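A structural walkthrough
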Amino acid sequence: GNSVTQMEGPVTLSEEAFLTINCTYTATGYPSLFWYVQYPGEGLQLLLKATKADDKGSNKGFEATYRKETTSFHLEKGSVQVSDSAVYFCALSHSSYSGAGSYQLTFGKGTKLSVIP
Amino acid sequence: EPEVTQTPSHQVTQMGQEVILRCVPISNHLYFYWYRQILGQKVEFLVSFYNNEISEKSEIFDDQFSVERPDGSNFTLKIRSTKLEDSAMYFCASSWDSYNEQFFGPGTRLTVL
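The text that follows walks through the structure, step by step, so that each part is easy to find. Since we're looking at a predicted model, the values are computed, not measured.

Further remarks concern the state of the cysteines. Here a disulfide denotes a covalent bond joining the sulfur atom of one cysteine to the sulfur atom of another. Residues and elements named next belong to chain A. Within the structure shown, the criterion is met by two disulfides over all chains. There is a disulfide in this structure between Cys23 and Cys90, and the S-S distance comes to 1.9 Å. Taking the torsion about the S-S bond as the criterion, the Cys23 to Cys90 disulfide, at about -70°, is left-handed. With Cys23 in strand 4 (residues 23–26) and Cys90 in strand 10 (residues 86–95), this residue pair connects regions lying 67 residues apart in the sequence. Residue Cys23 shares its accessibility class with Cys90, and that shared class is buried.

In structure tokens, the structure reads:
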């Protein structure tokens with residue numbers, strides 16, 4: 001079946017440090033890949049996405065490249081800020097085979113990032 | 001910017017009671033979803049809804065659960081007889097098409113006592 005594996009947290013970094021959160025996936029077909037972020041007390045917000053192999057998603061200084069050969073979608077940021085402290089979820093979107101055409105998201109367990117000044 | 005809204009933000013109920021969680025998806029979206037997140041665990045898919053019917057549901061979505069779009073704006077999740085293990089954050093999401101990004105609401109925290 002489809003699954004997403006993220007590096008275990010929590011991750012604690014100093015401000016301006018480099019961030020990498022690893023994400024690998026298992027899926028049939030060609031899923032779309034997403035990173036969602038959940039700030040304390042809030043819901044899930046889409047951070048970035050990639051819909052096909054070698055696509056790079058980017059937003060707010062975060063980047064992730066869809067690597068089909070390694071089935072990975074690692075999240076990176078060159079210089080983190082205190083405001084980046086949140087839980088980050090890697091997810092893939094895949095369709096059912098029932099012919100209904102809807103797509104569901106399969107999430108990783110989430111990685112909690114804390115950035116200290 | 002349009003957003004998905006959910007009410008209430010927190011619901012406390014007794015075991016065995018029925019609860020209805022409400023969502024207002026983004027107005028021109030066609031696909032609607034419910035997910036849940038038990039504290040400390042991953043976000044799990046419950047059900048997707050399109051064209052006034054369920055298009056897919058997970059193993060979690062048993063006969064105690066139902067969804068409805070009673071009018072042109074609301075999308076509801078009903079749990080007929082709540083159990084302790086139903087305590088979780090429930091997220092509603094919507095999307096314009098089936099394969100593009102889903103927009104999530106802020107969630108309803110359900111506590112079953």
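Still to come is the rest of the account.
One pass over the structure, following the stated rule, counts 17 aromatic pairs over all chains. Taking the centre distance of 6.4 Å and the plane angle of 80° together, the rings of Phe91 of chain B and Phe104 of chain B count as edge-to-face. On the criterion of sequence distance, the pair formed by Phe91 of chain B in strand 9 (residues 88–95) and Phe104 of chain B in strand 10 (residues 103–104) is long-range, its members being 13 residues apart. The pair formed by Phe91 of chain B and Phe104 of chain B is uniform in burial state, with each residue classed as buried. A connected cluster of aromatic rings, assembled from ring pairs, spans Phe34, Tyr36, Phe89 and Phe107 of chain A together with Tyr33, Tyr35, Phe45, Phe91 and Phe104 of chain B.

Residues and elements named next belong to chain B. Within the open sheet, the four strands sit side by side as 1-3-8-7. Their pairing is antiparallel. The strands lining the two open edges of the sheet, one partner per strand, are strand 1 (5–7) and strand 7 (65–68). With strand direction ignored, the average angle separating the axes of adjacent strands in the sheet is 20°. With five bridges joining them, strand 3 (residues 19–24) and strand 8 (residues 75–79) adopt antiparallel strand pairing. Bridge pairing in strand 8 links Ile20 to Lys78.

Right, let's get into unusual backbone geometry. Between Gly9 of chain A and the following residue, Pro10 of chain A, the backbone shows a cis peptide bond with an omega angle of -5°. You can see Pro10 of chain A is positioned in the loop between strand 1 (3–6) and strand 2 (11–14). Omega for the peptide link from Thr7 of chain B to Pro8 of chain B comes to -10°, which places this bond in the cis form. We note that Asn51 of chain B has phi near 55°; this positive angle belongs to a residue other than glycine. Checked against the element boundaries, Asn51 of chain B lands in the loop between strand 5 (43–50) and strand 6 (53–57). According to the relative accessible area criterion, Asn51 of chain B is exposed, its value standing at 58%. For Asn52 of chain B, which is not a glycine, the phi torsion comes out positive at approximately 65°. Looking at the element boundaries, Asn52 of chain B is found in the loop between strand 5 and strand 6. Of the residues examined, Asn52 of chain B reaches a relative accessible area of 60% and is grouped as exposed.

The rules behind these values
- Residues numbered from 1 in each chain as written.
- Chains lettered and ligands numbered in written order.
- Predicted model: local features only at pLDDT ≥ 70, side-chain atom pairs only at ≥ 80, totals over all residues.
- Heavy atoms only, no water.
- Disulfide = S-S within 2.5 Å.
- Helix = DSSP H or I, 4+ residues; strand = E, 2+ residues; numbered from the N terminus.
- Buried < 20%, exposed > 50% of the residue type's maximum accessible area, 1.4 Å probe, protein only.
- Phe/Tyr/Trp six-rings, centres within 6.5 Å; stacked < 30°, edge-to-face > 60°.
- Pairing = 2+ DSSP bridges.
- Axes fitted to C-alpha atoms, helices over the stretch in contact; angles between N-to-C directions.

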